[in-house]
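The lines below spell out each chain.
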Amino acid sequence: MKTAALLLTLLLAGCATGEATLGTLAPAGRLAASVVPGRTTKAELLATFGKTKSIVFDSGYETWLYQSPAGGGRFSEFVVLIDPQGIVAKTRQRAPSTP
Amino acid sequence: MAQQPAATVNVRTTRDPVDKSYRKMIAGMERFAREHAFAPDAPLRFQLLPRSPDVKMDGIKLRVAGDTVSVPVPIAPDNSFVLPRNEQALREDAAVLANRKTVSMTWRALIRTPGLPPDTRRLGDLRLECRVGTEAGLVSNNSQMFAWLSNALTSADQVCNSPEGNYLFFADRPLFGVRLRAGARVEELPFKMLYAGGNQTPEMLRFCDCQVLLDRTYYAPIWDKSWPDDTLVEFDYMTDAAPAANVQETVQ
């Protein structure tokens, strides 16, 4: 029964559903200026901007999501790729979405 | 005394109830034919993908197995294949079986318009993959109960025309970003459309057929008609492609 309840929950959640993910808020300009691929470490990211929404993959890579208020209830995204050695490998920004 | 005829024993194939139904896969192929306009230049293949961490994806053998019929299905190096039509297998409600544990792999339709730029897919191809894949019953979010509930609640039209359809696509390599491009209109997909929504716990992940492909997983806005079929879906991968191996040909 417990399993059935879990399965139903998963189904309703969509085995992957798109419930809104929300990263820790940080100013966009500060993120762009501070997070440098090839140099910034995971520890520095954590110390500067705090723990946030993240996914750790079997490969050892991690993706971290920060968000920045953009007015009108909208948020931009700042996504960080951290390599298995704990160094920022890449970053990308996504323009604010509509609420 | 006349010799008695030898007794005939029909050995029926033992089927795992979650192996793929040949009839359903043929129904998927028929849907492809009906809705080929989504991807008019693309052929239809199916593909096997890893679902459990320890599955060996080399040397897979595939066959269509009915009560009396067994048809081998050739598999390409990328584990894709074309499913042959066989009337007897249809009559016998055959299964499509691989020589791997059922739960160790997942299946998808593979519809790729030739000649696209590198590291891109075409949205119309993905729309048709969803329709064919769902019609053919390929998604393997098993347990069986999960599959039953999924089938009860979702048709291909529901899955592929709704933002809540959650049809997962897999890129060729681990993804960092996905961008849509249709003429001058360019948009990045939000984080929640990558990695199966980004909210899978390890406990949930083992029920999802994205279990070992999580970093290659994305949703595409196939339901959003404001993006035309010719929209390019561009991939930014986590790492650069490995350089091609320096292969020396050896003449035997």
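It should be noted that the structure appears before, not after, this text.
As the structure is a prediction and not an experimental result, all values here were calculated from the model.

Here we look at the overall build of chain B
Part 1 of the argument: Helices and strands together make up the secondary structure of chain B, namely 6 helices and 13 strands.
Part 2 of the argument: Expressed as a percentage of its 252 residues, the buried residues of chain B come to 50%.
Part 3 of the argument: Counting only carbon and sulfur atoms, one obtains 53% of the accessible surface of chain B, whose full area is about 12,800 Å².

Description of the overall build of chain A
Part 1 of the argument: Broken down by element type, chain A carries 3 helices and 5 strands.
Part 2 of the argument: Ordered by position from N to C terminus, the α and β elements of chain A give α-β-α-α-β-β-β-β.
Part 3 of the argument: Looking at chain A as a whole, 39% of its 99 residues qualify as buried.
Part 4 of the argument: The long-range share in chain A, meaning contacts at least 24 apart out of those at least 6 apart in sequence, stands at 41%.
Part 5 of the argument: Looking at chain A as shown, the accessible area adds up to about 5,200 Å², and 58% of this sits on carbon and sulfur atoms.

Examining the pattern of salt bridges
Part 1 of the argument: Throughout the structure, instances matching the rule amount to 18 salt bridges over all chains.
Part 2 of the argument: In this structure, Lys90(A) engages Asp236(B) in a salt bridge whose closest nitrogen and oxygen atoms are separated by 3.1 Å. Of this pair, Lys90(A) sits in strand E5 (residues 88-94) while Asp236(B) sits in strand E13 (residues 232-237), placing the two residues on different chains.
Part 3 of the argument: You can call Lys90(A) partly exposed: its relative accessible area is 22%.
Part 4 of the argument: Several salt bridges share partner residues, and in doing so they unite Arg92(A), Arg179(B), Arg181(B), Glu188(B) and Glu234(B) into one network.

Quick look at the sheet that holds strand E11 (residues 185-188) of chain B
All names here are of chain B.
Part 1 of the argument: Pairing within the open sheet is antiparallel, and its 4 strands lie in the order E8-E13-E10-E11. Only two strands of the sheet have a single neighbouring strand rather than two, namely strand E8 (120-122) and E11. Taking each pair of neighbouring strands and ignoring which way they run, the sheet shows an average axis angle of 25 degrees.
Part 2 of the argument: The strands touched by helix H3 (residues 123-135) are E8 and E13; relative to E8, the strand with the most contacts, the crossing angle is about 65 degrees.

As for the packing of aromatic side chains
Part 1 of the argument: Under the defined criterion, the tally for this structure stands at 9 aromatic pairs over all chains.
Part 2 of the argument: Judged by centre distance (5.8 Å) and plane angle (35 degrees), the ring pair of Phe46(B) and Phe81(B) falls under tilted. Taken together, the residues Phe46(B) in strand E2 (residues 45-50) and Phe81(B) in strand E5 (residues 80-81) connect sequence positions 35 residues apart.
Part 3 of the argument: Clustering of aromatic rings is evident, with ring pairs tying together Tyr167(B), Phe169(B), Tyr218(B), Phe235(B) and Tyr237(B).
Part 4 of the argument: Sitting over the ring of Phe176(B), Arg92(A) keeps its end group 5.4 Å from the ring centre.
Part 5 of the argument: When the ring centre of Tyr237(B) is taken as reference, the NZ or CZ atom of Arg173(B) above it lies at 4.0 Å.

Some points on the nonpolar core
Part 1 of the argument: Membership of the largest hydrophobic core comes to 41 residues, with the highest contact counts inside it found for Tyr195(B) and Tyr218(B).
Part 2 of the argument: Going through the elements one at a time, strand E4 (75-82) of chain A together with H3, helix H5 (156-160), strand E9 (169-170), strand E10 (175-182) and E13 of chain B are the ones with two or more residues in this core.
Part 3 of the argument: With 4 residues, E10(B) is the single largest residue contributor to this core.
Part 4 of the argument: Ignoring any residue separated from it by four or fewer positions in sequence, one finds Tyr195(B) in contact with Ile55(A), Phe57(A), Thr63(A), Leu175(B), Phe176(B), Leu214(B), Asp215(B), Thr217(B) and Met238(B).

A word on the sheet that holds strand E7 (residues 105-110) of chain B
Residues and elements named next belong to chain B.
Part 1 of the argument: Reading across from one edge, E5-E2-E7 is the order of the 3 strands in this open sheet, with antiparallel pairing throughout. If you trace the sheet from one side to the other, it starts and ends with E5 and E7, each paired once.
Part 2 of the argument: Here 2 bridges tie E2 to E5, and the two strands are oriented antiparallel to one another. Counterpart to Gln47 in the pairing with E5 is Ser80.

Overview of the environment of Ala26(A)
Residues and elements named next belong to chain A.
Part 1 of the argument: With respect to the helices, strands and loops of the structure, Ala26 is situated in the loop between strand E1 (24-25) and helix H2 (28-34).
Part 2 of the argument: For Ala26, a relative accessible area of 5% gives the class buried.
Part 3 of the argument: Expressed as a C-alpha distance, the spacing of Ala26 and Gly71, which sit 45 residues apart in the sequence, is 13 Å.
Part 4 of the argument: Sequence-distant contacts of Ala26, that is, excluding residues within four places in its chain, are made with Leu31, Phe49, Gln67, Ser68 and Pro69.

About the cut-offs
Residues numbered from 1 in each chain as written. Chains lettered and ligands numbered in written order. Predicted model: local features only at pLDDT ≥ 70, side-chain atom pairs only at ≥ 80, totals over all residues. Heavy atoms only, no water. Helix = DSSP H or I, 4+ residues; strand = E, 2+ residues; numbered from the N terminus. Buried < 20%, exposed > 50% of the residue type's maximum accessible area, 1.4 Å probe, protein only. Areas by Shrake-Rupley, 256 points an atom, 1.4 Å probe, with all protein chains shown as cover. Contact = heavy atoms within 4.5 Å. Salt bridge = Lys/Arg side-chain N within 4 Å of Asp/Glu carboxyl O. Pairing = 2+ DSSP bridges. Axes fitted to C-alpha atoms, helices over the stretch in contact; angles between N-to-C directions. Phe/Tyr/Trp six-rings, centres within 6.5 Å; stacked < 30°, edge-to-face > 60°. Lys NZ or Arg CZ within 6 Å of the ring centre and 35° of its normal. Core = buried A, V, L, I, M, F, W, Y, C linked by side-chain atoms within 4.5 Å.

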